[in-house]
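Take a look at the letters that make up each chain.
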2 protein chains.
Amino acid sequence: MNVKGPVVIVGGGFGGLAAAHALRKAQVEIILIDRANHHLFQPLLYQVATAALSPADIAWPLRTLFRSQPNVRVVLDDVLKVDRVERRVELLHSEPISYGCLILAPGARHSYFGHQEWEADAPGLKTLSDALDLRERMLMAFERAQRVKEPEAAREYLTFVIVGGGPTGVELAGALAEIGRKAMAPDFPVFHQAEFRVLLIEGGGRILDAFPPDLSRKAQTALEKLGVTVMLNTRVSDVTAQGVLAGSRFIRSANVLWAAGNAASPILASLDEPLEAAGRVRVEQDLSLPGDPWLFVIGDAAHCVTAGGGPLPGLAPVAIQEGRYVAKVIAQGIPTGERQPFVYKDRGILATIGRAKAVALLGPFSLSGLVAWLAWCFIHVLFLIGFRNRFRVMFEWIWYYVTFKPGARLIYWKSGDKPER
Amino acid sequence: MNVKGPVVIVGGGFGGLAAAHALRKAQVEIILIDRANHHLFQPLLYQVATAALSPADIAWPLRTLFRSQPNVRVVLDDVLKVDRVERRVELLHSEPISYGCLILAPGARHSYFGHQEWEADAPGLKTLSDALDLRERMLMAFERAQRVKEPEAAREYLTFVIVGGGPTGVELAGALAEIGRKAMAPDFPVFHQAEFRVLLIEGGGRILDAFPPDLSRKAQTALEKLGVTVMLNTRVSDVTAQGVLAGSRFIRSANVLWAAGNAASPILASLDEPLEAAGRVRVEQDLSLPGDPWLFVIGDAAHCVTAGGGPLPGLAPVAIQEGRYVAKVIAQGIPTGERQPFVYKDRGILATIGRAKAVALLGPFSLSGLVAWLAWCFIHVLFLIGFRNRFRVMFEWIWYYVTFKPGARLIYWKSGDKPER
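My aim in this report is to walk through the structure given alongside it, one point at a time.

Thresholds applied
Per chain, the residues get numbers from 1 upward, laid out in the order the sequence is written. Going through the entries in the order they are written, you letter the chains from A and number the ligands from 1. With the structure being a predicted model, the display of local features is reserved for residues of pLDDT at least 70 and the display and counting of side-chain atom pairs for 80 or more, all residues being used for whole-chain, interface and lining totals. A pair of strands counts as paired when DSSP detects no fewer than two bridges linking them. We count a stretch as a helix when DSSP gives it H or I for four or more residues in a row; a strand needs E for two or more, and each element gets its number in order from the N terminus. Throughout, an axis means a line fitted to C-alpha atoms (over the contacting stretch in the case of helices), and angles, computed between N-to-C directions, take values from 0 to 180 degrees. This entry defines residue contacts through backbone-placed C-beta atoms, with two residues in contact when those atoms are within 7 Å. Note on burial: count the other C-beta atoms lying within 10 Å of the residue's C-beta; 20 or more is buried, 12 or fewer is exposed, in between is partly exposed, and C-beta positions come from the backbone. With the strands pointing away from the viewer, any crossover whose connection runs clockwise from the first strand over the helix to the second is right-handed. For this classification, the nonpolar set comprises Ala, Val, Leu, Ile, Met, Phe, Trp, Tyr, Cys and Pro, the charged set comprises Asp, Glu, Lys and Arg, and every other residue, Gly included, is treated as polar.

1. A short note on the sheet that holds strand β13 (residues 228–231) of chain B
Residues and elements named next belong to chain B.
So, step 1. A sheet is described by the order of its strands in space; here four strands give the open sequence β13-β12-β11-β17, paired in parallel fashion. Two strands in the sheet have a free side with no partner beyond their single neighbour: β13 and β17 (255–258). Averaged over all adjacent pairs, the angle separating strand axes in this sheet is 20°, with direction ignored.
So, step 2. Seen against the sheet, helix α6 (residues 167–184) touches β11 (159–163), β12 (197–201), β13 and β17 and runs at an angle of roughly 175° to β12.

This is the structure:
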């Protein structure tokens with residue numbers, strides 16, 4: 001390799017992990033920096049938020065993952081900025097780390113389209129901490145509805161509004177509707193079945209717009225069968241603690257969840273490159289920055305336009321393939337001019353709606369219903385790392401499928417013994 | 001039954017749960033009040049604190065537990081006081097609840113022997129929230145030791161001091177020593193093996209003083225083999241953020257854990273009864289209060305002197321048997337004069353020290369080593385409620401036994417993305 005100094009990877013998500021793993025036989029020193037101590041299987045995070053899975057079912061300590069890969073050193077820290085002149089990354093807690101080669105895979109947070117103040121009343125779902133917060137809010141909403149006297153107040157607690165009809169929004173809506181009717185209702189004597197509502201608000205003309213229109217329609221029908229109200233062509237113009245202004249109608253709700261937009265990591269601002277609307281960096285066809293051939297950006301942080309068409313979507317398979325591509329370029333020390341452009345092999349997309357309900361687009365095949373759901377289960381269990389988590393997740397799913405008793409319906413108290421609730 | 005009005009049970013621990021369950025066929029209305037939404041299997045809580053188990057492995061939503069027992073209503077709330085004149089309990093969030101019959105099973109918190117200010121620097125272990133706090137502290141201590149340059153500072157982070165040589169202290173010390181050397185050491189390149197220390201401080205002349213002296217000695221030897229320093233006859237006279245003053249020696253440590261004493265729930269003060277040193281209420285031989293035959297106190301909150309001798313210890317089997325006894329008295333409406341005194345059937349005590357190491361006193365049999373450990377595993381799995389949790393816990397133990405990779409080694413960020421650490 002013609003680059004001196006260590007390969008620094010920022011972010012232990014799908015992209016960073018794939019890159020580090022693909023470099024396992026390369027004669028390089030790898031430093032993997034993340035602010036969490038674990039890799040997270042984000043596609044199943046909504047199941048932690050809806051009490052079906054435990055955090056430890058879908059997360060792995062990064063140090064343990066690389067225990068048997070001696071060329072990787074894991075650093076737990078926050079990256080403050082990238083200094084391209086000194087070729088180093090600056091950290092919150094430790095000394096700066098110099099790089100010979102840098103792979104930026106910092107991922108994204110939620111975007112509130114310029115209304116960051118909505119976050120407190122409409123939290124999103126990216127980290128384990130987010131998921132546990134959502135779980136607590138959801139479970140406490142049922143408890144509070146039980147406690148209040150006025151039907152109006154109970155209705156507000158039992159109204160769940162999800163903003164954004166992409167995969168996360170659809171999966172959250174389906175899981176919430178199912179858990180509310182099947183798991184919570186039998187446990188609350190004065191459960192106001194009619195007052196429990198799940199609303200899914202989508203700005204565009206259909207949900208799951210990455211799928212073909214007929215699968216969008218099928219997904220919508222499946223959601224509606226579960227009792228979800230799907231509101232299309234509806235823009236959210238305000239969020240408060242009392243609810244959400246959707247189109248011209250104010251919907252009173254104590255539970256507004258955000259699944260509408262992504263904003264790439266703020267670290268990227270320090271690159272001094274033009275960022276596009278979602279905060280992503282435009283990368284070359286080899287995923288490097290213009291004029292900086294050993295600085296790569298991958299995953300949700302990269303705006304990558306391939307020969308095939310528009311920018312690649314923020315999906316785990318994209319990040320994984322990008323990570324592997326970059327690792328190969330580094331391991332073989334390929335100079336800029338000789339690099340083949342990155343090509344994304346699209347193997348399909350899936351979204352689940354509820355028990356035995358999903359939609360999938362796998363190559364030429366559009367699947368829905370039980371078949372799509374089984375494909376979804378199979379693929380997700382397959383991509384979990386290691387026997388322990390595959391086994392635990394499968395067990396929890398079978399358990400929940402049979403009993404409708406979600407395994408992790410727990411409220412922790414946050415602030416000692418007397419939390420505000 | 002000759003008492004009108006509902007049976008109110010305060011506390012969904014072992015005692016409260018046993019009482020409610022034993023009343024399942026009685027023609028009574030039962031109201032079970034707890035401030036947590038779950039029953040917790042406290043004997044395994046130290047395994048959540050040491051990252052071996054997930055919270056959902058050892059906790060069950062109370063509502064789900066009583067889903068098929070229609071005479072129980074679950075109320076999630078904090079009990080503020082008992083009003084014996086009006087015969088009702090006052091709650092933090094809801095209207096007071098009147099009782100015909102009251103079973104108080106509120107449990108205990110830690111006692112710092114008049115030094116409540118030590119709690120911040122020497123947290124204890126009673127709730128899931130406590131256990132997750134300890135887990136985070138423990139995991140972060142290793143990360144911080146990795147980050148600092150000075151060996152002195154690393155030593156402070158890698159010194160774990162446990163105050164109290166009872167079962168909780170012994171089990172925590174053993175689990176920490178094991179996890180430090182077997183699970184953490186391989187993952188930290190600059191792990192200072194010599195600097196990693198676990199100290200167990202006991203005020204009395206031996207650890208596990210509820211066991212016969214030879215088992216105490218065996219437990220101590222087993223701990224020492226794991227690398228634990230056991231300090232007997234040592235009183236703790238100060239705790240600060242820098243460490244602990246043990247005897248005349250100040251031990252610098254960033255991780256002081258409290259397992260030394262219990263103080264019964266502060267709710268008991270509202271009973272206007274004399275409380276003994278640990279804050280417990282002296283109950284009659286039928287577990288009722290003097291002159292108030294339908295107000296019972298059970299579990300860790302009760303100071304119950306039976307014909308056999310001293311007060312009963314704060315153990316799950318005591319609470320369970322008390323709960324069942326009280327339920328029987330209530331179901332049959334037995335008047336005070338005709339009640340048989342409560343008799344505790346002591347089936348034995350167990351404490352585990354580490355993988356394949358435990359001590360047990362089962363009737364006339366003193367067991368130690370692998371046999372005691374297998375008995376411990378068997379009994380604990382047996383007492384877990386339901387197939388799901390038995391199965392998950394057994395699976396996690398076998399997994400850990402074989403791989404030494406604890407399943408729940410996760411740090412969540414508490415306050416958004418940039419916690420103090």
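On we go from here.
2. Concerning the environment of A:Arg181
So, step 1. Relative to the elements of secondary structure, A:Arg181 occurs in helix α6 (residues 167–184).
So, step 2. In this structure A:Arg181 comes out as partly exposed when scored by C-beta crowding, with 17 C-beta atoms within 10 Å.

3. Quick word on the environment of B:Met394
So, step 1. Take B:Met394: it is sitting in helix α10 (residues 386–403).
So, step 2. Sequence separation of B:Met394 and B:Phe383 is 11 residues, and the distance between their C-alpha atoms is 12 Å.

4. Some points on the pairing of strand β2 (residues 30–34) of chain A
Residues and elements named next belong to chain A.
So, step 1. With five of five residues buried, β2 lies mostly within the body of the structure.
So, step 2. Residue alternation in β2 divides its side chains into two sets, Ile 30, Leu 32 and Asp 34 and Ile 31 and Ile 33, and both sets are buried.
So, step 3. Where strand β1 (residues 7–10) lies against β2, four bridges are found, and the strand directions are parallel. Counterpart to Val 10 in the pairing with β2 is Ile 33.
So, step 4. A crossover connection joins β1 to the parallel β2 through helix α1 (residues 14–22); in handedness this β-α-β unit is right-handed.

5. Description of the interface of chain B and chain A
So, step 1. Between chain B and chain A, the contact holds 38 residues from the first and 38 residues from the second.
So, step 2. For the side of chain B that touches chain A, the elements supplying multiple residues, two or more each, are β4 (59–61), α3 (62–65), β5 (72–76), α4 (128–147) and α10 of chain B.
So, step 3. Ranked by residues supplied to the side of chain B that touches chain A, first place goes to α4(B) with six residues.
So, step 4. Considering only residue class, the side of chain B that touches chain A consists of 16 nonpolar, nine polar and 13 charged.

6. Considerations on the sheet that holds strand β12 (residues 197–201) of chain A
Residues and elements named next belong to chain A.
So, step 1. Pairing is parallel in the open sheet, where four strands are placed in the order β13-β12-β11-β17. Two strands in the sheet have a free side with no partner beyond their single neighbour: β13 (228–231) and β17 (255–258). Along the sheet, successive strands turn relative to each other by an average axial angle of 20°, direction set aside.
So, step 2. One ladder, built from five bridges, connects strand β11 (residues 159–163) with β12; its direction is parallel. The residue of β12 that forms the bridge with Ile 162 is Leu 200.
So, step 3. Contacts between helix α7 (residues 213–225) and the sheet are confined to β12 and β13, with β13 contributing the most and set at about 140° to the helix.

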